[in-house]
Amino acid sequence: MGHPSICTCGYIAWWYGNPAGSETSQHLTDWYTFTHITHGFGFYFLLWLIAPRVPLGLRLALAIGLEAAWEIVENTPFIIDRYRQSALARGYFGDSVLNSVSDTLAAVFGFALARVAPWWISVATVIAIEVFLGYAIRDNLALNIIQLVYPNDFISRWQMGG
């Protein structure tokens with residue numbers, strides 16, 4: 001879809017910490033990597049609920065497929081434009097291929113954690129990630145979904161610090 005393989009800045013960073021910066025979603029990791037870990041937790045539990053007898057390896061493959069599908073959808077012009085309606089994503093132009101691969105690996109990490117951790121640790125981790133991101137950058141997976149589905153001016157103002 002015309003997205004760059006790596007950041008057009010010409011280098012690869014392990015971490016990019018400005019959630020509203022032009023290089024967000026261009027490097028290996030950023031604040032939104034945490035939301036993809038949460039995807040992995042969610043995919044593990046969803047597939048555990050609807051396909052408990054399916055071998056773990058196949059469930060992991062399905063989770064990777066779901067995450068990869070989201071990465072494709074997330075980088076369509078329609079979704080990019082929806083994100084731009086949000087206060088924090090006005091300059092967003094999509095993920096680099098490297099970032100999409102890294103986000104998919106983050107989801108695999110979340111899936112693996114959900115597999116080995118007790119369910120209550122998984123739930124606590126997801127809640128902790130949401131609270132941490134809400135505090136640190138005024139955004140998280142829940143707010144991201146709300147702003148994607150039904151952009152809200154109150155949330156946008158709060159995200160901008162107002």
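Notes on the structure in this doc start here.

What counts, and where the lines are drawn
Residues numbered from 1 in each chain as written. Predicted model: local features only at pLDDT ≥ 70, side-chain atom pairs only at ≥ 80, totals over all residues. Heavy atoms only, no water. Helix = DSSP H or I, 4+ residues; strand = E, 2+ residues; numbered from the N terminus. Expected span 1.5 Å × (residues − 1). Buried < 20%, exposed > 50% of the residue type's maximum accessible area, 1.4 Å probe, protein only. Arc of directions from axis to C-beta. Contact = heavy atoms within 4.5 Å. Axes fitted to C-alpha atoms, helices over the stretch in contact; angles between N-to-C directions. Left-handed = near helix turned anticlockwise from the far one by under 90°. Nonpolar A, V, L, I, M, F, W, Y, C, P; charged D, E, K, R; others polar.

The end-to-end C-alpha distance of helix H2 (residues 56-74) is 26 Å, a good match for the 27 Å that 19 residues give at a rise of 1.5 Å each. When we look at burial in H2, the residues that qualify are Arg 59, Ala 63, Glu 67, Glu 71 and Glu 74. One face of H2 carries all of its buried residues, which in axial projection span an arc of 120 degrees. More than 90 degrees from the buried face of H2, the exposed residues found are Gly 57 and Ile 72. Next to the buried residues of H2 lie helix H1 (33-50), helix H3 (77-84) and helix H4 (97-116).

Moving on: unusual backbone geometry. As a rule of thumb, non-glycine residues mostly have phi less than zero, and peptide bonds are mostly trans rather than cis. Its identity as a non-glycine residue notwithstanding, Ser 25 has a phi of 70 degrees, on the positive side. The topology assignment puts Ser 25 in the loop between strand S1 (15-16) and strand S2 (29-30).

On to the packing of H2 against H4. Close contact between H2 and H4 brings their axes to 10 Å; oriented N to C, the two are set at 145 degrees. Handedness of the crossing formed by H2 with H4: right-handed. Of the residues in H4, those in contact with Leu 56, Arg 59, Leu 60, Ala 63, Ile 64, Glu 67, Ala 68 and Glu 71 of H2 are Ser 100, Asp 103, Thr 104, Ala 107, Val 108, Phe 111 and Arg 115. Looking at side-chain class alone, the contact of H2 with H4 contains 8 nonpolar, 2 polar and 5 charged residues.

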